[in-house]
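Geometric and topological summary
Single-letter residue listing:
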Amino acid sequence: MKKTFRVEGMHCNSCAYLIEQKIKDKVNSVEVSYPKEEAIIDFNEDKISEKEVKELVEKEGFRLIEKE
């Protein structure tokens, strides 16, 4: 399932890189853009839930908000 999220709490490109590194091994793909303040995450719900993805990111000090 591919979803786009708004990311709160990023201050620079290093923040985007940190998010990508934190979850890249747990999802199919992740692309985080600091200028757009968004993350596009493709994950398999049978392996990791959306809630678990959000919790991993929140542990690093960021917040994911689903875009419609």
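Please refer to the structure higher up on the page.
What you see is a predicted model; the values in this text were computed from it and never measured.

A few words on the pairing of strand β3 (residues 38–42). Where strand β1 (residues 2–8) lies against β3, 5 bridges are found, and the strand directions are antiparallel. Residue pairing across strands places Thr4 opposite Ile40, the latter belonging to β3. Sheet analysis places strand β2 (residues 29–33) next to β3, joined by 5 bridges and oriented antiparallel. Counterpart to Ser29 in the pairing with β3 is Asp42.

Inspection of every chain in the model, using the stated rule, returns 8 salt bridges. Across the pair Glu60 and Lys22 runs a salt bridge whose closest N-O atoms are separated by 3.4 Å. Residue Glu60 is found in the loop between α2 (50–59) and β4 (63–66), and its partner Lys22 is found in helix α1 (residues 13–23); the two are separated by 38 residues along the sequence. Judged by its relative accessible area of 32%, Lys22 is partly exposed. Measuring nitrogen to oxygen at the nearest pair gives 3.7 Å for the salt bridge that ties Lys51 to Glu55. Of this pair, Lys51 and Glu55 both sit in helix α2, separated by 4 residues, roughly a single helical turn. The exposure class assigned to Lys51 is exposed, which follows from its relative accessible area of 58%.

Here Lys3 shows up in strand β1. Here the side chain of Lys3 touches Glu50 through a polar contact of 2.4 Å, side chain to side chain. Beyond its immediate chain neighbours, meaning those up to four positions away, Lys3 contacts Ala39, Ile40, Ile41, Phe43, Glu50 and Glu66.

Quick notes on the rules
- Residues numbered from 1 in each chain as written.
- Predicted model: local features only at pLDDT ≥ 70, side-chain atom pairs only at ≥ 80, totals over all residues.
- Heavy atoms only, no water.
- Pairing = 2+ DSSP bridges.
- Helix = DSSP H or I, 4+ residues; strand = E, 2+ residues; numbered from the N terminus.
- Salt bridge = Lys/Arg side-chain N within 4 Å of Asp/Glu carboxyl O.
- Buried < 20%, exposed > 50% of the residue type's maximum accessible area, 1.4 Å probe, protein only.
- Polar contact = N/O pair within 3.5 Å; in protein donor to acceptor, adjacent residues only side chain to side chain.
- Contact = heavy atoms within 4.5 Å.

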